[in-house]
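Listed here are the chains, written in short residue letters.
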There are 2 protein chains.
Amino acid sequence: MRMSLRDVDPRLKAIGDSPCNALRAHALQITQELAQGVQKSFSRVVDLYSVDPHQAGVPPITFLHQVLAVCLYPELLSDENFAVDVRQRARRLIQSCEGSSVGSYTPSCGLDYIQHRIAEFITRRDAGVPTDAHNIFICSGFQRSLMMMTKLLSSPEGEPQNGMLVPLPYPHTLAMVLAGAGVRSMPYRLREDAGWAVDLEELQRAIRTARECCRPMAMYISNPGNPTGHVQNRKSIEEVIKFAAAEKLFLLVNEVDQHSVHGSGIQLVSYKKVLFDMGPKYWDRVEMASFDSLSNGVMGECGLRAGYMELVNVDQEVMILAETMLCMDISSPVPGQLALDVMLHPPQPSDPSYDLYTQEILTNQTTLTENALRAQDFLDSLPGMSCQPAVGGVYVYPCVEIPAGVLERAKAAGVEADVLYCQELLEEQGVCIGAGSENGHMGGNYHLRLCVGVSSVLLEEALERLCAFHLRLLDSHRCEPHLEFP
Amino acid sequence: MRMSLRDVDPRLKAIGDSPCNALRAHALQITQELAQGVQKSFSRVVDLYSVDPHQAGVPPITFLHQVLAVCLYPELLSDENFAVDVRQRARRLIQSCEGSSVGSYTPSCGLDYIQHRIAEFITRRDAGVPTDAHNIFICSGFQRSLMMMTKLLSSPEGEPQNGMLVPLPYPHTLAMVLAGAGVRSMPYRLREDAGWAVDLEELQRAIRTARECCRPMAMYISNPGNPTGHVQNRKSIEEVIKFAAAEKLFLLVNEVDQHSVHGSGIQLVSYKKVLFDMGPKYWDRVEMASFDSLSNGVMGECGLRAGYMELVNVDQEVMILAETMLCMDISSPVPGQLALDVMLHPPQPSDPSYDLYTQEILTNQTTLTENALRAQDFLDSLPGMSCQPAVGGVYVYPCVEIPAGVLERAKAAGVEADVLYCQELLEEQGVCIGAGSENGHMGGNYHLRLCVGVSSVLLEEALERLCAFHLRLLDSHRCEPHLEFP
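None of these values were measured; they are calculated from a predicted model.

1. Here we look at the overall build of chain A
Link 1 in the chain: Secondary structure assignment for chain A yields 17 helices and 14 strands.
Link 2 in the chain: Against the globule reference of 23 Å for 486 residues, chain A gives a C-alpha radius of gyration of 23 Å, in line with a compact fold.
Link 3 in the chain: With the C-alpha coordinates of chain A rotated into their principal frame, the extents come out at 70 × 60 × 60 Å.
Link 4 in the chain: Looking at chain A as a whole, 63% of its 486 residues are labelled buried.
Link 5 in the chain: Surface exposure of chain A reaches about 17,700 Å², of which carbon and sulfur atoms provide 51%.
Link 6 in the chain: Seen as two clouds, the 39 positive and the 59 negative side-chain charges of chain A have centres 5 Å apart.

Following this line, the structure appears as structure tokens:
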């Protein structure tokens, strides 16, 4: 009796239905073929499928890497090639580790010192709203903490299935997390025609539908929106909080892109700040988890695996269970925990590293801003595409009209039309982007997902090739006149 | 409707029953009290509860930390204060990262280059037994990969519960992993009187018992034994493999302490090597996962969170699902992945870092060997204790006779007698060790778990205080004559 898929818990198999591996695997295969000298019309694969800034040419932040190098090899504390503030920061971080070594375990929720530093950051960000360091849970990335919260919200065996309201479109990795935990995903549509706004009437429709087929426990929000790039204003956040309070929903707020807000004049206000400002009626009552991550578009430190969540108004026993669940991972990686400190507490104007740090962060932010604008303008001007402005986060999410001929071929092949579009784009032009159907089905309305948290050179190359493919496709399916590169 | 423990899946609550947090939390509290100036009969808490070498005074390996520092901050590639082999190694490792940055994601199973380097190591270790790099899954630690395999082996909702044969005693973190996955733990007793040998008759009894109450799918082995410190010989491993083949059990082999074998004349042979040597009847058939870790007693790199497993004879579809499950963690932390390369491929005799590296590793190994011997001798000579030799791994696991008075107090307090022993030891002498009941109940037969992967100074301090507590306890409960410090 060999272990086979037949024997495996269907919840796990449901994870396996996620489409995100196939296209990436294909991209990897093409890259390997190119390395082996296979001739193609392009010399490299450009990957805008999901965020991985350093891979995509966004430079790492010097101060952060200097501090980590010193923490890893404390002999460097006396190396005067490193600025004083680098060494001071590293010294303090090393002291926060057991046995003064990054090689020691930390408590399951993370280093006590870093929990306090995160709490300090949140209080500063939210203009004084109190934060208890005990409510901070450091994790090896946003995904891991979301998985844990989703499991806590899943229903026991044999009971009616628990459900979660999720935006449509949702982040492309969300479906597998819910499937893995056996939580039913109940979509509420964002209003594309209003810049992907959250719509109260639609929320009310969604909760009614949800109550007919599961036990809705929670509501997931992505702000800034992944993949939509919208940023909610205070009024919209207040509406969501009131709705959650009325419907007794636990709020899971993905705020990992809070460091990547780039729309002109756009200021992000956190859910926690709004909750506080709404007074005790809400502040003492609405249960919330807010997530942040080191892997955002500006720092781009995906490989270090670090993030944290803050729990608000969560039952003490549930908090202890959350800690025990983290305890199963033993602890999250220490270099990433230390990096969170640097991300949330940058050098100050009087520090020797201030200028370089500020310049590097600004460069990354500017690149992201310009990329988002450039991609939106470019795609919006292509025939058969329209693209809402992206004012936060790392994606643009254009709507694409797919020619009838492609729709037919997709139907015949048993794949989504946007997936086929992305496959052919990859094969023909070596550009890897996401099919909108991975972010949830929008009826016959197709979208593409492009990560703009990349170098501007890479983005330009991708847009150019995407344009060539798209126009060729329109040409061949519609016999349209030759179209110009915008 | 606030989320409360009532609503939570009982499988998750079962994890919370793990006792390992209470004592550690108490130890932390005492440490904080000491820091606040509270007067006690000791000035610091000595922690031998579980392995965390750097925290316990075992020094990090210089070469490893130099290489990682350079990888984190590649400007150091041109710093001639670092030896040529440090910089060469770092250069190669940096090249293996996407975008030449440790800040990039890696494939879910780990960096392709590191998978191949791990495969090379295994082939070398096993004298040429072939290893396919595609069978190597890099994880953020042993526990994480074990959780994944245990979940794959769990039963679907509504079907009879799947079971796993586990040694008694078992590693103290194993129970929570099985509980979290809903897999039933079915113990087979190791023979303490024969140096904790695996006993074939006992295995047969265990599988019969298991078949009466669940569907046994797998067998867990710890070799070297955690917490028992035994190392199986080839014959014993052959017996286990034949048993697993006959009973169609998946073998989960915890070999994380393969780098910490210290008994005189003891040579560890891997399960994979024995399986290969047994010929195609077994080699082509027995399903196995073998686990290794960076957090072992000699390197002690717990904070970097890295380990790997090799799957043997596992169904291709299940392998793909395993990869998808890892994909939910996105990827494991890069510094840890790179550190695996250094651990498995140390500097060679012609390399400038060879001498220091070898000397540091040897020092750590010698400390571990001497500690294991010292602890075993010391404890074995205490009245009311006996301790089997520990020839591998990081623990000693003495049997302790608990005075009748303590048994009564424990019963009255509703706690295990060994847990009460450890609590009182902690309070009275500031020594934190593990209660054997966390490693599985052995009837009225009590044990203690002491990690010896610590500096010899720390061990000596712990033994001295443990002795004082133990003799005081015997004195006060038995009115025995004053006993000498051994």
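Now, onward.
2. Points about the sheet that holds strand 7 (residues 288–293) of chain B
All names here are of chain B.
Link 1 in the chain: Pairing is mixed across the open sheet formed by 7 strands, whose spatial order is 2-8-7-6-5-3-4. Strands with a single pairing partner mark the edges of an open sheet, and in this sheet they are strand 2 (136–139) and strand 4 (184–189). Pairwise comparison of adjacent strand axes, ignoring direction, gives a mean angle of 25 degrees for this sheet.
Link 2 in the chain: Sheet analysis places strand 3 (residues 162–168) next to strand 5 (residues 215–222), joined by 4 bridges and oriented parallel. What sits directly across from Leu165, in strand 5, is Met219.
Link 3 in the chain: Here helix 12 (residues 316–328) sits on the sheet in contact with strand 2 and strand 8 (307–312), set at roughly 15 degrees to strand 2.

3. Here we look at the pattern of salt bridges
Link 1 in the chain: Applying the stated criterion across every chain, the model contains 42 salt bridges over all chains.
Link 2 in the chain: With a closest N to O distance of 4.0 Å, Asp199(A) and Arg191(A) form a salt bridge.
Link 3 in the chain: Residue Asp199(A) is classed as partly exposed on the basis of its relative accessible area of 22%.
Link 4 in the chain: A residue is classified by how much of its surface remains accessible, and Arg191(A), at 38% relative accessible area, is partly exposed.
Link 5 in the chain: In this structure, Arg117(B) and Asp341(B) form a salt bridge, with 2.5 Å as the shortest nitrogen-oxygen distance. One end of the pair, Arg117(B), is in helix 5 (residues 112–125); the other, Asp341(B), is in helix 13 (residues 334–344), with 224 residues separating them in the sequence.
Link 6 in the chain: By relative accessible area, Arg117(B) is classed as buried at 15%.
Link 7 in the chain: Here Asp341(B) falls in the buried class, since its relative accessible area comes to 1%.
Link 8 in the chain: Taken together, the salt bridges that share partners define one network made up of Arg89(A), Arg117(A), Glu120(A) and Asp341(A).

4. Comments concerning the packing of aromatic side chains
Residues and elements named next belong to chain B.
Link 1 in the chain: All chains considered together, the criterion is met by 12 aromatic pairs over all chains.
Link 2 in the chain: Plain terms: the ring middles of Phe63 and Tyr357 are 6.0 Å apart, the flat faces sit at 90 degrees to each other, and that makes the pair edge-to-face. One end of the pair, Phe63, is in helix 3 (residues 62–72); the other, Tyr357, is in helix 14 (residues 354–381), and 294 residues separate them in sequence.
Link 3 in the chain: A relative accessible area of 3% means that Phe63 is categorised as buried.
Link 4 in the chain: Of the residues examined, Tyr357 reaches a relative accessible area of 6% and is grouped as buried.

5. Focus: the domain arrangement of chain A
Residues and elements named next belong to chain A.
Link 1 in the chain: On domain assignment, one finds that chain A holds domain 1 (7–57 + 365–478) and domain 2 (92–344).
Link 2 in the chain: Averaged C-alpha coordinates put domain 1 and domain 2 at centres separated by 27 Å.
Link 3 in the chain: Taken together, the 34 residues of domain 1 in the interface contact 38 residues of domain 2.
Link 4 in the chain: Buried area between domain 1 and domain 2, summed over both chains or domains, comes out near 2,900 Å², and the portion from carbon and sulfur atoms is 59%.
Link 5 in the chain: By the criterion of area lost to domain 2, the three top residues of domain 1 are Arg11, Gln388 and Val391, representing 21% of everything that side buries.
Link 6 in the chain: If you look at where domain 1 meets domain 2, you find 0 salt bridges.
Link 7 in the chain: Counting residues per element, the side of domain 1 that touches domain 2 draws most heavily on helix 14 (residues 354–381), at 4 residues.
Link 8 in the chain: Residue composition of the side of domain 1 that touches domain 2, by class: 17 nonpolar, 13 polar and 4 charged.

6. What about the confidence of the model for chain A?
Residues and elements named next belong to chain A.
Link 1 in the chain: Overall, the predicted model of chain A reaches an average pLDDT of 92, with 97% of residues at or above 70.
Link 2 in the chain: Across residues 480–486 the pLDDT falls below 50, and counting only partners more than four positions away or on other chains, this stretch makes 15 contacts in the model.
Link 3 in the chain: Here the predicted complex carries an ipTM of 0.93, next to a pTM of 0.94.

7. Description of the interface of chain A and chain B
Link 1 in the chain: Facing 79 residues of chain A, the contacting portion of chain B comprises 79 residues.
Link 2 in the chain: Overall, the association of chain A and chain B removes approximately 7,200 Å² of surface from exposure, summing both partners, and the carbon and sulfur fraction of that is 64%.
Link 3 in the chain: Across the contact surface, chain A and chain B share 0 salt bridges.
Link 4 in the chain: Taken together, the connections running from chain A to chain B amount to 18 residue pairs in polar contact (both at pLDDT 80 or more).
Link 5 in the chain: Among the elements of the structure, helix 1 (10–16), helix 3 (62–72), helix 6 (142–152), helix 7 (174–181), helix 12 (316–328) and helix 13 (334–344) of chain A are those that each provide at least two residues to the side of chain A that touches chain B.
Link 6 in the chain: Of the residues in the side of chain A that touches chain B, the class split is 38 nonpolar, 23 polar and 18 charged.

8. Structural notes on the side chain of Ser140(B)
Link 1 in the chain: Note that Ser140(B) resides in the loop between strand 2 and helix 6 (142–152).
Link 2 in the chain: Ignoring anything within four residues of it in the chain, the contact list for Ser140(B) reads Arg305(B), Ala306(B), Ser332(B) and Pro333(B).

9. Thoughts on the side chain of Ser293(A)
Residue and element names in this part refer to chain A.
Link 1 in the chain: By the element assignment, Ser293 lies in strand 7 (residues 288–293).
Link 2 in the chain: When its relative accessible area of 6% is taken as the criterion, Ser293 is described as buried.
Link 3 in the chain: Within the structure, Ser293 has its side chain in polar contact with the backbone nitrogen of Ser295 (distance 2.8 Å).
Link 4 in the chain: Beyond its immediate stretch of four places on either side in the chain, Ser293 contacts Phe142, Val256, His259, Ala306, Gly307 and Met343.

About the thresholds
Residues numbered from 1 in each chain as written. Chains lettered and ligands numbered in written order. Predicted model: local features only at pLDDT ≥ 70, side-chain atom pairs only at ≥ 80, totals over all residues. Heavy atoms only, no water. Helix = DSSP H or I, 4+ residues; strand = E, 2+ residues; numbered from the N terminus. Rg over C-alpha atoms; globule rule 2.2 N^0.38 Å. Buried < 20%, exposed > 50% of the residue type's maximum accessible area, 1.4 Å probe, protein only. Areas by Shrake-Rupley, 256 points an atom, 1.4 Å probe, with all protein chains shown as cover. Lys, Arg positive; Asp, Glu negative; His and termini not counted. Charge placed at Lys NZ, Arg CZ, Asp CG, Glu CD. Pairing = 2+ DSSP bridges. Axes fitted to C-alpha atoms, helices over the stretch in contact; angles between N-to-C directions. Contact = heavy atoms within 4.5 Å. Salt bridge = Lys/Arg side-chain N within 4 Å of Asp/Glu carboxyl O. Phe/Tyr/Trp six-rings, centres within 6.5 Å; stacked < 30°, edge-to-face > 60°. Domains from an automatic or database assignment. Buried area = accessible area lost by both parts, 1.4 Å probe. Nonpolar A, V, L, I, M, F, W, Y, C, P; charged D, E, K, R; others polar. pLDDT = per-residue confidence, 0-100. Polar contact = N/O pair within 3.5 Å; in protein donor to acceptor, adjacent residues only side chain to side chain.

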